[in-house]
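Architecture and fold: a report
Each chain, written out:
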Amino acid sequence: MPARAKKPKPAVTLKDAFETEYARREMERRAREEAERKQQEEDLAKAEALFDAINADAKFLKSHGLTVDRRRYTVSVDHANFRIAAYFEGGEATITLADKRFANAGAATPRKQESAATIEDGVRIMAQFLADEIR
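All of the points below concern the structure found in this document. (Residues numbered from 1 in each chain as written. Predicted model: local features only at pLDDT ≥ 70, side-chain atom pairs only at ≥ 80, totals over all residues. Heavy atoms only, no water.)

This part is about the pattern of salt bridges. Tallied over the full model, the rule gives 18 salt bridges. Its salt-bridge partner being Lys46, residue Glu42 comes within 3.6 Å of it at the nearest N-O pair. One end of the pair, Glu42, and the other, Lys46, are both in helix α1 (residues 14-55), four residues apart, so they sit about a helical turn from each other. Linking Asp78 and Arg83 is a salt bridge whose minimum nitrogen-to-oxygen distance equals 2.6 Å. Overall, Asp78 belongs to the buried group, its relative accessible area being 12%. Bridged by salt links that share partners, the residues Glu21, Arg24, Arg25 and Glu28 form one connected network. (Salt bridge = Lys/Arg side-chain N within 4 Å of Asp/Glu carboxyl O. Helix = DSSP H or I, 4+ residues; strand = E, 2+ residues; numbered from the N terminus. Buried < 20%, exposed > 50% of the residue type's maximum accessible area, 1.4 Å probe, protein only.)

Here is the structure:
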């Protein structure tokens, strides 16, 4: 009686390929989430550092009628007539100058906008915007 020939086992099954692909995608997702978390931590630390740098001289701020506020990734310097705000995202700050005199409450429209990669650049740009407004 002839021996029954065994079918060769496939090198890769659909199940194996699926599990490999699923695991790869899961690792990529976790890596993206971790990178995003680290970036948010960095942005938050930069916002805190900028806030501390600006808030360091309370006497100067008071003499120019300025208040400083930080909300998560945003540091704002407010005056009755304008707002200078720095928003951190992706490792950089977007700094805007908005005029409050002709806008509805809370709807100040940005007139100037610049980006800063470092805290020092952020302070310098905010100082330039402040010098433009306080003459």
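What follows covers helix α3 (residues 119-133). With 15 residues, α3 ought to run about 21 Å at 1.5 Å a step, and its terminal C-alpha atoms sit 21 Å apart, in line with that. Of all the positions in α3, only Ile119, Gly122, Ile125, Met126, Phe129, Leu130 and Glu133 are classed as buried. Considered in projection along α3, the buried side chains sweep an arc of 140 degrees and stay on one side of the axis. (Expected span 1.5 Å × (residues − 1). Arc of directions from axis to C-beta.)

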